[in-house]
Amino acid sequence: MNVGLKTPILPAGTAAVATAARCLAEGGLVAFPTETVYGLGADATDPAAIARLYQAKGRPSFNPLIAHVRDLGAGMRIGRFDRTAIALAEAFWPGPLTLVLPKTADCRVAELATAGLDTIAIRVPAHPLAQAILRAFGGPVVAPSANLSGHVSPTSAAHVQSDLAGRIDLIVDGGAVEVGVESTIVGCFDAPLLLRPGGLPRAEIERVLGRALVQPPHEAENTTGQPLAPGMLASHYAPRTPVRLNAGYIEAGEALLAFGTPAVPGVDAATVVMNLSTSGDLTEAAANLFGYLRALDLRGARAIAVMPVPDHGLGEAINDRLRRAAMGRE
Ligand code: TXA
Ligand code: MG
C-alpha cells in the first residue's frame, strides 16, 4: 500500500464503501465517520496494518485500540460477554458505547491492538457508513480517533485531512458527525467501571444496570504505568494554546469558548468568541466541542478561556475532555 503525499477523500456512497473495504483487506488505513468522531480503521487481525496505524497517529504503542464490529454476534467472537455486558449491548448497540471484556480464547484480534492486555474493547458503531464498511469488510476493524496523538478528535473529514493527509490511504467523507465526543467506555468486570465518560450519558447506563457505575481514580491511572484506559492520559486532548477552565472573566487577548449566555466580565476583550450552545443544550455543545477547540487553537490567542459547563448528562464527557485540554501537552 503506497501512501502518497495526498490522501484521497471519497464522498459517502457505495463506491467509497467498496474501496474502503478493499483498502482495509489490503492492509491499508482508512478514516471513516462514526456517530461519535471519525475513526482511523485498520484490519484488527493484521499486525502490520496496526503497526502502521500507530505510526500514522504517532501514538504510544501501549495504548490499546477499540475493535469495531457490525453487531453483538460479531462481538461475541472476540469478547466474552457476561450478563451485564449483554444487557448493555442489547440496550445501546449500535451506539456510542464501548465495552471492555475478557478476550475469547480464539480471539483473532492482533495482540498489538490490545497492547498485550487479556481484555478487549469492543464497539458497534451506529453510523450508516461505518456499518456499511464493517459489513463490506466482514471482520473486526480497530479504529482509534483519526487524529494525530495529542490532538483533539476529528469531527469532520477536513479535521482528519489536516492531521493525517499523506500518512493514511483513504478518507471517507460522511460530513459532520452527530455526537461529537468519543464513546463512553465501560469495563465489564465484577463491578462495572466507567473507564471513560463519553457520548452515552452515565445515567442511561446506570438505569439499565440498576446500579451505579464505579469510577476508577484518575491519579491511579497516570501513576501506575498500566492504566485501565490509557486514553485517559493527561496529554491526550491538548490544543497548542493554553486552556483556562471555568472562566468567570475574560482577560485581554484571550479567546472565549462560551456556553449559554456569554455574560462574563471582559467578554468584549476576547479576540474571538465561539459558543458551544447559546441555548445551553449539552448535546449541541458536545457536537461542537472538538471543532471549536481546533478552530480557536488556530487563532493565536494567548489562552482559550472556557465558561463553566454543567456536569450532568453529556456534560460529564465534555468536562472530562476540557480538563484534558487544559492539562496541556507533555
Ligand atoms: O468513539 C470512539 O470510541 C472512537 C470512535 C472512532 O469509535 N474511538 C476512540 O478510540 O475514541 P481511541 O483509540 O481514541 O480511544 C480508545 C480508548 C483509549 O482510552 C484506550 O485506552 C481504551 O479505549 N481501551 C482500549 N482497549 C482497552 C482495554 N482493553 N482496556 C481498557 N481500555 C481500553
Ligand atoms: Mg483518541
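Residues numbered from 1 in each chain as written. Chains lettered and ligands numbered in written order. Predicted model: local features only at pLDDT ≥ 70, side-chain atom pairs only at ≥ 80, totals over all residues. Heavy atoms only, no water.

Given two aromatic rings, their pairing is described by the distance between the two centres and the angle made by the two planes. Under the criterion given, the structure shown has 1 aromatic pair. Seen in terms of ring centroids, Phe81 and Trp93 are 5.9 Å apart; in terms of plane orientation they differ by 80°. Their pairing is edge-to-face. With Phe81 in the loop between helix H3 (72–76) and helix H4 (83–92) and Trp93 in the loop between H4 and strand E5 (97–102), the pair connects residues that are 12 residues apart, well separated along the chain. We note that Phe81, like Trp93, is buried. Above the face of the Tyr249 ring, Arg244 is positioned so that its terminal group lies 4.5 Å from the ring centre. (Phe/Tyr/Trp six-rings, centres within 6.5 Å; stacked < 30°, edge-to-face > 60°. Helix = DSSP H or I, 4+ residues; strand = E, 2+ residues; numbered from the N terminus. Buried < 20%, exposed > 50% of the residue type's maximum accessible area, 1.4 Å probe, protein only. Lys NZ or Arg CZ within 6 Å of the ring centre and 35° of its normal.)

Among the nonpolar cores identified, the biggest contains 48 residues, and Leu40, Phe81, Trp93, Leu97, Leu99, Ile168 and Ile205 are the most heavily contacted of them. Only strand E3 (38–43), helix H2 (47–57), H3, H4, E5, strand E6 (119–123), helix H6 (157–164) and helix H7 (202–209) provide two or more residues apiece to this core. Per-element tally for this core: the top contributor is H2, with 5 residues. The contacts of Leu97, once residues within four sequence positions are left out, are Leu88, Phe92, Ile122, Arg123, Ser183, Thr184, Val186, Leu200 and Ile205. Residues Phe259, Leu296, Ile304 and Leu314 belong to the second largest nonpolar core, which totals 26 residues. (Core = buried A, V, L, I, M, F, W, Y, C linked by side-chain atoms within 4.5 Å. Contact = heavy atoms within 4.5 Å.)

Right, let's get into the sheet that holds strand E10 (residues 193–196). What the 10 strands build is an open sheet, ordered E1-E8-E2-E3-E7-E4-E6-E5-E9-E10; its pairing is mixed. Of all strands in the sheet, those bounded by a partner on one side alone are strand E1 (9–11) and E10. Two elements, E5 and E6, share 5 bridges in a ladder whose sense is antiparallel. Bridging across to E6, Leu101 finds its partner in Ile120. Strands in contact with H4 are E5 and strand E9 (184–187); relative to E5, the strand with the most contacts, it is inclined by about 160°. Set on the sheet, helix H5 (residues 128–137) makes contact with strand E2 (30–33), E3, strand E4 (66–68), strand E7 (141–142) and strand E8 (170–173); between it and E2 the angle comes to about 135°. (Pairing = 2+ DSSP bridges. Axes fitted to C-alpha atoms, helices over the stretch in contact; angles between N-to-C directions.)

This part is about the domain arrangement of the protein chain. Domain annotation of the protein chain identifies domain 1 (9–209) and domain 2 (243–326). A C-alpha centroid distance of 28 Å is found between domain 1 and domain 2. Taken together, the contact between domain 1 and domain 2 spans 24 residues of the former and 13 residues of the latter. Here domain 1 packs against domain 2, burying approximately 1,300 Å² in sum over the two surfaces, 58% of which is carbon and sulfur. Looking only at domain 1, the three residues that lose the most surface to domain 2 are Val152, Val181 and Pro197, adding up to 38% of its buried area. (Domains from an automatic or database assignment. Buried area = accessible area lost by both parts, 1.4 Å probe.)

The final tally for this structure, using the stated rule, is 12 salt bridges. The residue Arg202 makes a salt bridge to Glu206 at a minimum N-O spacing of 3.4 Å. One end of the pair, Arg202, and the other, Glu206, are both in helix H7, 4 residues apart, so they sit about a helical turn from each other. Note that Asp320 is salt-bridged to Arg321, the shortest N-O span being 2.6 Å. One salt-bridge network, held together by shared partners, links Glu182, Asp320, Arg321 and Arg324. (Salt bridge = Lys/Arg side-chain N within 4 Å of Asp/Glu carboxyl O.)

This paragraph deals with the sheet that holds strand E14 (residues 303–306). Spatially, E11-E14-E12-E13 is the arrangement adopted by the 4 strands of the open sheet, whose pairing is parallel. The two strands at the open ends of the sheet, each matched to only one other strand, are strand E11 (243–244) and strand E13 (273–275). Note: strand E12 (residues 254–258) against E13, 3 bridges, orientation parallel. Pairing of Leu256 across the sheet is with Val273, part of E13. Sheet contacts for helix H9 (residues 282–297): E12, E13 and E14; angle to E12, the most-contacted strand, approximately 170°.

Here the focus is the confidence of the model for the protein chain. Note: predicted coordinates in regions of low pLDDT should not be interpreted at a detailed level. Averaged over every residue, the pLDDT of the protein chain is 90; the share at 70 or more is 90%. Scored below 50 in pLDDT, residues 219–227 shows 9 contacts in the model against residues more than four places distant or in partner chains. Low pLDDT, under 50, characterises residues 230–235; the stretch is placed with 23 contacts to residues that sit more than four places away or in other chains. (pLDDT = per-residue confidence, 0-100.)

With that out of the way, let us pick up the side chain of Thr184. Here Thr184 shows up in strand E9. Of the residues examined, Thr184 reaches a relative accessible area of 0% and is grouped as buried. Looking at Thr184, its side chain comes within polar contact range of the main-chain nitrogen of Gly198, at 3.1 Å. At 2.6 Å, the side chain of Thr184 and the backbone oxygen of Leu200 are in polar contact. (Polar contact = N/O pair within 3.5 Å; in protein donor to acceptor, adjacent residues only side chain to side chain.)

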